[in-house]
Amino acid sequence: MNNTIDSSILTYLKSLTLLCVEDNKTTQLLYKSLFEELVEDIIFADNGEEGYEKFRNQKVDLIIVDYAMPVLNGIDMIRKTRDINKEIPIILVSAIKDVDVIVQALQLNVNNFLKKPIIATEVMQAIGNISKLLFAENYLKEQREKKIGELEKKEKYNSYQEDLAFSKELNIIRNDFYYHMIDTYQAILVDFLYKPLDILSGDAYSARKIDDKRVFYFIVDGMGKGLSASLSSMLLTAYVNHTIDKMGNNFSLKKLIESALEYIKPIILDEEALSTEFIVMDYKSSTMLYSKFAMPPSLAQSEENQIIKIKSNNPPMSKYTDNFTVSKMDISKITKFLFYSDGLVENSVKGEQKLYANFIENDFLNSFIKDELRENLLSKIDTQEDDMTFIFINQLPLPQQEKRVTRSFESTLNAVEDANDWYTDIWNGFTTNYKLAYKACVVFSELFMNAYEHGNLGLDTKTKHRLLSEDIYFTTLQELQKNCKKKITVTIDTIESNSHRYIATLIKDEGEGFNTDILHEIFKDRKNFNGRGIYISRQSSLGLYYNSKGNSVLYLHKIESEA
């Protein structure tokens, strides 16, 4: 039977101690016959509690544990074991195929799974694979220690390589809604948080506009170790984006997932798995199609402020995945969504023996936009413990006409001044918080001026800089505005949510718009003169969202209760 394991690994195995946790005596005898000549020592335990105690008190190098056992089951034993040692290789044996059990095992970094009834060749293959992993890790550890001096000398070079790697990750991620709203029959705001723990992240996401009515969202979390998990996540993300580009108007979620599986299965290692979710929002039919592979439950908020959990409908994606389920959900009565990787909820909460998973539903319910959820998260956790990724979607309620203020302005410098005075008066009626009112007016001044000069008058940034340098900027504006009949329309809506008021201001010009993809570069390079007004506006508001044409921008401010 040993011929199923590479000869180079057999010598290494003879130095290891194996802990077998199994309540069935027949299976124990099978393990003894398989392993007694293979490893240095075998320790047997009849239940999870006994197995945990033997692990604590004896030298153990790897563990094989059954799921269904008295006193303490396999998952609970693994959880206690991981509290002490997060790296020791573990094989879980189970007769059931429950998705929740598999998800829990993956979250606990179980290295391999075996199904009952036990097949000797499969057991040996699993032990062989894990032994290779241990052997490689020990070898790499020795090599790292030998070369630590060399690595220190190369620190600057390594830093440069890490920067390049992270830039590559950001290039692979595609976000068609970077400071964009989805402008269907009402405004839908889409925001993102992407906070890798390390340069090489196991998380990735994409958000793609399929057509005027459909949007695709994708999150992947590589459930493996280090570089391998990162590579698998990034390769899958790149392939998904490539396939969407090729599909064009012939997009099909089912075909996309089939193609993605065909691509990634040969790449994933035996010990790896991917948690992923593929989501398509169809705003014409008010439906959502989704295929979630061992992802944490997504959250949806109904019009009645009830939380709906959207659970995974597939096991984790692995090289053995052959079939998958696509489910459909009516979203006509949903106001908000939150899609996220498990790193978000696995952070420890400071001052409490709890994870953020215990707080996320309430924080989501009480957050109107992404920035509020992010603040709630960061105020509760001690330190970030894993990659964190989430997509926050808020469908703004239809406007209440009695709470809406609308006014149109001419495209003139005098109108710019009038508009600023009018907006200041509006805000003086909203709040006595003059600092907040000042911030809102700064944003309005910047964005209204953009609508006037860049939008309706069609003045590009390069020409503006030239006119300023020649000191003929304002005289040129006055000449251009003489023949301009285009209007600038300002709409102000008051939205009540979670006992707070949010002021949504929309500024729309009648110009040709602009390519809003440049916003990504503007916000990356905040020192660049070009677009600094937009950058300042984003910093002084809760959110900045352009329509697809680029001739309309919406921004938000929150008015705290002044009672």
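If you're wondering where the values come from, they're calculated on a predicted model, not measured in any experiment. (Residues numbered from 1 in each chain as written. Predicted model: local features only at pLDDT ≥ 70, side-chain atom pairs only at ≥ 80, totals over all residues. Heavy atoms only, no water.)

## A word on the packing of helix α13 (residues 413-430) against helix α14 (residues 434-456)
Close contact between α13 and α14 brings their axes to 10 Å; oriented N to C, the two are set at 155°. One element, α13, and the other, α14, form an angle in the roughly antiparallel class. Helix-helix and strand crossings are classified by hand; for α13 and α14 the assignment is right-handed. Mapping the contact onto sequence places Leu413, Ala415, Val416, Ala419, Asn420, Tyr423, Thr424 and Trp427 in α13 and Leu436, Ala437, Ala440, Cys441, Phe444, Ser445, Phe448, Met449 and Tyr452 in α14. Along the lines of polarity and charge, the residues of the contact of α13 with α14 split into 14 nonpolar, three polar and no charged. (Axes fitted to C-alpha atoms, helices over the stretch in contact; angles between N-to-C directions. Helix = DSSP H or I, 4+ residues; strand = E, 2+ residues; numbered from the N terminus. Parallel < 35°, antiparallel > 145°, perpendicular 65-115°, else oblique. Left-handed = near helix turned anticlockwise from the far one by under 90°. Contact = heavy atoms within 4.5 Å. Nonpolar A, V, L, I, M, F, W, Y, C, P; charged D, E, K, R; others polar.)

## Some thoughts on a negative patch on the surface
A cluster of acidic side chains, namely Glu417, Asp418, Asp421 and Asp425, defines a negative patch on the protein surface. In this fold, Asp418 is placed in helix α13. Relative accessible area serves as the criterion here: at 42%, Asp418 is assigned to the partly exposed category. (Patch = residues over 30% accessible without salt bridge, like charges linked within 9 Å, V, L, I, M, F, W, Y side chains within 5 Å. Areas by Shrake-Rupley, 256 points an atom, 1.4 Å probe, with all protein chains shown as cover. Salt bridge = Lys/Arg side-chain N within 4 Å of Asp/Glu carboxyl O. Lys, Arg positive; Asp, Glu negative; His and termini not counted. Charge placed at Lys NZ, Arg CZ, Asp CG, Glu CD. Buried < 20%, exposed > 50% of the residue type's maximum accessible area, 1.4 Å probe, protein only.)

## Notes on the sheet that holds strand β15 (residues 334-340)
If you trace the six strands from one edge of the open sheet to the other, you get β6-β7-β16-β15-β12-β13, paired in antiparallel fashion. Edge positions in the open sheet fall to β6 (181-183) and β13 (307-310), since each of these has one partner strand only. Ignoring strand direction, the axes of neighbouring strands in this sheet form an average angle of 15°. When strand β7 (residues 187-195) meets strand β16 (residues 388-395), the two strands line up antiparallel, connected through eight bridges. Bridge pairing in β16 places Val190 opposite Ile393. Packing against the sheet, helix α12 (residues 370-380) makes contact with β7, β15 and β16, and its axis sits at approximately 140° to β16. (Pairing = 2+ DSSP bridges.)

## Brief notes about the sheet that holds strand β8 (residues 203-209)
The antiparallel open sheet is built from five strands, whose spatial order is β8-β9-β10-β11-β14. A single partner strand is all that each edge strand has here, and the edge strands are β8 and β14 (327-330). Adjacent strand axes in the sheet meet at a mean angle of 15°, parallel and antiparallel pairs treated alike. Sheet analysis places strand β9 (residues 214-223) next to strand β10 (residues 273-282), joined by ten bridges and oriented antiparallel. Paired with Val220 across the two strands is Thr276, which belongs to β10. Of the strands in this sheet, β9, β10 and β11 (287-293) are in contact with helix α10 (residues 253-264), which crosses β10 at around 160°.

Just distances and angles here, no functional claims.
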